[in-house]
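Examining the three-dimensional arrangement
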Amino acid sequence: MKKGRGRTSRIRRRKLSKSFESRGVNESYKPEFIQLRKWLKDRKFEDTNLIPASFPGTGRGLMSKTSLREGQVIISLPESCLLTTDTVIRSYLGAYVAKWRPPLSPLLALCTFLVAEKHAGDRSPWKPYLEILPKAYTCPVCLEPEVVNLLPQPLKAKAREQRIRVQEFFTSSRDFFSSLQPLFSEAVEGIFSYSALLWAWCTVNTRAVYVKRGQRQCFSAEPDTCALAPYLDLLNHSPGVQVKAAFNEETRCYEIRTGSSCRRHEEVFICYGPHDNQRLLLEYGFVAARNPHACVYVSQDILVKYLPSTDKQMNKKISILKDHDFIENLTFGWDGPSWRLLTTLKLLCLEAEELACWQDPDEALTFPPELQEPRNLQTTVYPMGAALLVAAAVGSILLKPVQGDCRPTAPATRGACQKRRLSGAAPGWPNRNPPRDEVCVHVEVGQAVPQNASMWHFWGLRSCWGPARHPVRATHGRVHRCWQVKEAWLMGQPANSLPCPGAQTGLSSVGSKYFRCSIFAADVFAITNWARGNFAIKKKRR
Ligand SMILES: C[S@@+](CC[C@H](N)C(=O)[O-])C[C@H]1O[C@@H](n2cnc3c(N)ncnc32)[C@H](O)[C@@H]1O
C-alpha cells in the first residue's frame, strides 16, 4: 500500500484537518479589543482565561488561553460592567424614563440607551463596548422581504410576526423619543430612526444575559431580566455544552462556570438554551450544526398534502385543530414526529365513523386506545417524513457566507456535494448549460453544507424522490454521513427567475459574517436520523 493512504493516515489527516478547522485566530491585538480590555480593567475586570478570536465555523468568539477544568469559573464579570435598566435610570435619560406615562418597558429603556449612546460616539463612556457590537444583524427581522419570502413557510410566518412586532415597538415608542428632544441638538427622528431601534433591539435580543430584577414603578409590568454583559457576550453557542451561568449575589458578579473541560486554544462555548434551528435563526440569526434539538417544522399545506384528498371531514378536522391551537409548531425531530404532530396526524387520519364516535372529554385531543393508531396513520406519516427529508436536504443548499460577493464558486471543485445543472443564469451566475425550464439539484442526504460552497436557495418549489445517480464524494477531506444520493427536481421555475441572494437584495451588506439562511442545513440530520430507522436508506460505505 502506498505510504499515507492507509486507514491510520486517513484518520490522522482527518483529525489534523478537524483541529485546523476549529482553530481560532487571536484577535486580542486589534485596537477595539485593546480599548475594551482597558475599559474593563478600569471597572475591575481582568480576564485570565479567555481571549477574543475568530473561528472558521462560528465567527468571532472567545478562545481558552489555558486548559479549563470542569466546574471552573471561566468568567466573572463585575456588576459595574453590566448594562441594565439601572444604568439607564442613573443616566441623563433617567428623569425622562421615570416620568413617562404609561411607564416604559425595560426593553425600550435599554434600546433607547443603546441608540443614544451610539449617537454620542466619542462622548459615550460605553464607546469601547459599542465599538465591538455588530454593525448589522442576520436575524430574519433584518432581512429584505424578498429574502424572507424564500424561507420555509413556518419560519416565514414567524419572521413576519417578528417584523410586525418590532415595527409596532417602534411606532409605539415614537412619542417617547419625541419627549427626549431637549437632550439633543439634532432632530430625534433622525437619531431614533427605525433602523437605529432595530439595531438596538437585535443587540439586546441576541446578546443579553438573564439577570432578574424586581419590578419598579418607573417601568411597565414586563419582566426586567435583560442585561448586556460586555466581553462575556462574545461567547458563542453550542447546543452540546453545559454551563452554569448566573448573577452571584455574594460576589456581585455575573459568573459562568464550565460543565466540561476545555483544551487550551479551543473555542469556549456556552449554551443559549435547548433551541431548535428555527428558533436560533429567529432570535440569534444563525443555525447550529449537529443540533440535537434540530427539527423540521411541518406547515398546514404539507399536513393536508399527505392525507387523502377525498376526506370530506377535512375542514372539520382542521377547525378542531385550530381551536386547540394544534396547527402550529408541529415538528419532525431526531426521534421522528413530535407528540404534537403525531396527535394532529391521528386526528387527521380518523375515518368518518371514528371521528363521529370520538369523544374528547378533557378537550386535550386525547384518543382512546382503539383510536391510537388510525388505519392510514403509517401510510401518511412515512411518506410525509420522506418528502420532508428531501425538502430538508434541498433546503440545506442555501445562502452561505455572503462575503461581499455571492457569486458561486465552481460547483465541481467546491462543495462537491451539490452538483447543479443550471438553466439560464441567475444574475451573477455562470451560464453553463443551454436554457431549460428546470433546475436539477443532486443532494447527498445527511451531508453538511460545505464551509466554502456558495449557496443558492430553492424554497417553495416542488421536489420529489429520485434514484441515486451520482456517487457520494466527501468534501474538504471530511467524511460526512453519507447516505444514498437523492435527486430532487425543482420544477417549473426558470432558473433565472430564482433570486441570487446578496446581488439583488443587498444582503451582502450584513458584512463578513457567515450567514446561513437555511434552518434546514442542520435539521436535515434530525430527519435523516429518524428516516434511517424507518426507511431502508442505504448507508453508503466509502
Ligand atoms: C452573544 S453573541 C456571541 C458573539 C458574536 N459571535 C460576536 O461576534 O459578537 C451571539 C451571536 O453570535 C453568533 N453566534 C453564536 N453562536 C454561534 C454559532 N454556534 N455559530 C454561528 N454564529 C454564532 C450569532 O450571530 C449570535 O447572534
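Higher on the page you've got the structure.
Residues numbered from 1 in each chain as written. Predicted model: local features only at pLDDT ≥ 70, side-chain atom pairs only at ≥ 80, totals over all residues. Heavy atoms only, no water.

A separate point is the sheet that holds strand β11 (residues 295-297). The antiparallel open sheet is built from three strands, whose spatial order is β11-β12-β13. Only two strands of the sheet have a single partner each, and these edge strands are β11 and β13 (336-337). Strand direction decides the pairing type here: strand β12 (residues 331-333) and β13, joined by two bridges, are antiparallel. Bridge assignment links Phe332 to a residue of β13, and that residue is Pro337. (Pairing = 2+ DSSP bridges. Helix = DSSP H or I, 4+ residues; strand = E, 2+ residues; numbered from the N terminus.)

It is worth spelling out the site of the ligand at this point. By nearness alone, 13 residues border the ligand, and Arg60, Arg207, Asn236, His237 and Tyr284 come closest of all. Within the contact set of the ligand, an oxygen atom lies 2.7 Å away from a side-chain nitrogen or oxygen of Arg60. Note that an oxygen atom of the ligand is positioned 2.5 Å from one of the backbone N or O atoms of Tyr284. Alone, the ligand offers 560 Å² of accessible surface; in the complex the protein occludes 90% of this. Listed by contribution, the elements that provide at least two residues to the shell around the ligand are α10 (194-207) and β7 (236-237). Residues that form the shell around the ligand fall into these classes: five nonpolar, four polar and four charged. (Near = heavy atom within 4 Å. Polar contact = N/O pair within 3.5 Å; in protein donor to acceptor, adjacent residues only side chain to side chain. Areas by Shrake-Rupley, 256 points an atom, 1.4 Å probe, with all protein chains shown as cover. Nonpolar A, V, L, I, M, F, W, Y, C, P; charged D, E, K, R; others polar.)

Right, let's talk about the pattern of salt bridges for a bit. According to the stated counting rule, one finds 11 salt bridges in the structure shown. As a salt-bridge pair, Arg216 and Asp86 come within 2.5 Å of each other at their nearest N and O atoms. Taken as a pair, Arg216 in the loop between β5 (209-213) and β6 (224-227) and Asp86 in helix α3 (residues 85-90) lie far apart in primary sequence, 130 residues in all. Under the relative-accessibility criterion, Arg216 is labelled partly exposed at 23%. Across the salt bridge formed by Asp233 and Arg207, the nearest N and O atoms sit 3.1 Å from each other. Taken as a pair, Asp233 in the loop between β6 and β7 and Arg207 in helix α10 lie far apart in primary sequence, 26 residues in all. For Asp233, a relative accessible area of 10% corresponds to the buried category. Owing to a relative accessible area of 12%, Arg207 belongs among the buried residues under this scheme. (Salt bridge = Lys/Arg side-chain N within 4 Å of Asp/Glu carboxyl O. Buried < 20%, exposed > 50% of the residue type's maximum accessible area, 1.4 Å probe, protein only.)

Okay, the sheet that holds strand β8 (residues 243-248) next. Spatially, three strands are ordered β4-β9-β8 in an open sheet, and the strand pairing comes out antiparallel. Whereas interior strands pair on both sides, the edge strands pair on one side only; in this sheet they are β4 (73-78) and β8. Direction aside, the axes of adjacent strands within the sheet are offset by 10° on average. (Axes fitted to C-alpha atoms, helices over the stretch in contact; angles between N-to-C directions.)

Let us look at the packing of helix α5 (residues 106-120) against helix α8 (residues 153-179). A pair of packed helices is characterised by two quantities: the angle between their axes and the separation of those axes. α8 packs onto α5 with a crossing angle of 70° between their chain directions and a minimal axis gap of 12 Å. Considered as vectors, α5 and α8 are oriented roughly perpendicular to each other. In this structure, α5 meets α8 at a crossing whose hand is right-handed. Together, Leu107, Leu108, Cys111 and Thr112 of α5 and Phe169, Ser173, Phe176 and Phe177 of α8 make up the contact between the two elements. Residues that form the contact of α5 with α8 fall into these classes: six nonpolar, two polar and no charged. (Parallel < 35°, antiparallel > 145°, perpendicular 65-115°, else oblique. Left-handed = near helix turned anticlockwise from the far one by under 90°. Contact = heavy atoms within 4.5 Å.)

This part covers the pairing of strand β9 (residues 253-258). The element β9 is extensively covered by neighbouring structure, given that five of its six residues are classed as buried. By the bridge criterion, five bridges tie β4 to β9 in an arrangement that is antiparallel. Looking at the pairing, Val73 lines up with Arg257 of β9. Between β8 and β9, which pair antiparallel in sequence order, lie four residues; one of them, Arg252, sits at a positive phi of approximately 55°.

Turning our attention to the packing of aromatic side chains. A ring pair, where both rings are aromatic, is described by two values, the distance of the centres and the angle of the planes. Evaluation of the coordinates by the stated rule reveals 11 aromatic pairs. Taking 6.2 Å as the distance between ring centres and 90° as the angle between the ring planes, the aromatic pair formed by Phe113 and Trp126 counts as edge-to-face. Remark: Trp126 occurs in the loop between α5 and α6 (127-132) and Phe113 occurs in helix α5; sequence separation between them is 13 residues. One exposure class covers both Phe113 and Trp126, and it is buried. Taken together, Trp100, Phe176, Phe177, Phe184 and Phe192 form an aromatic cluster joined through their ring pairs. Across the ring face of Trp199, the terminal group of Lys118 is positioned such that the distance to the ring centre comes to 4.9 Å. Between Arg340 and the ring centre of Phe326, over which it is positioned, the NZ or CZ distance is 4.6 Å. (Phe/Tyr/Trp six-rings, centres within 6.5 Å; stacked < 30°, edge-to-face > 60°. Lys NZ or Arg CZ within 6 Å of the ring centre and 35° of its normal.)

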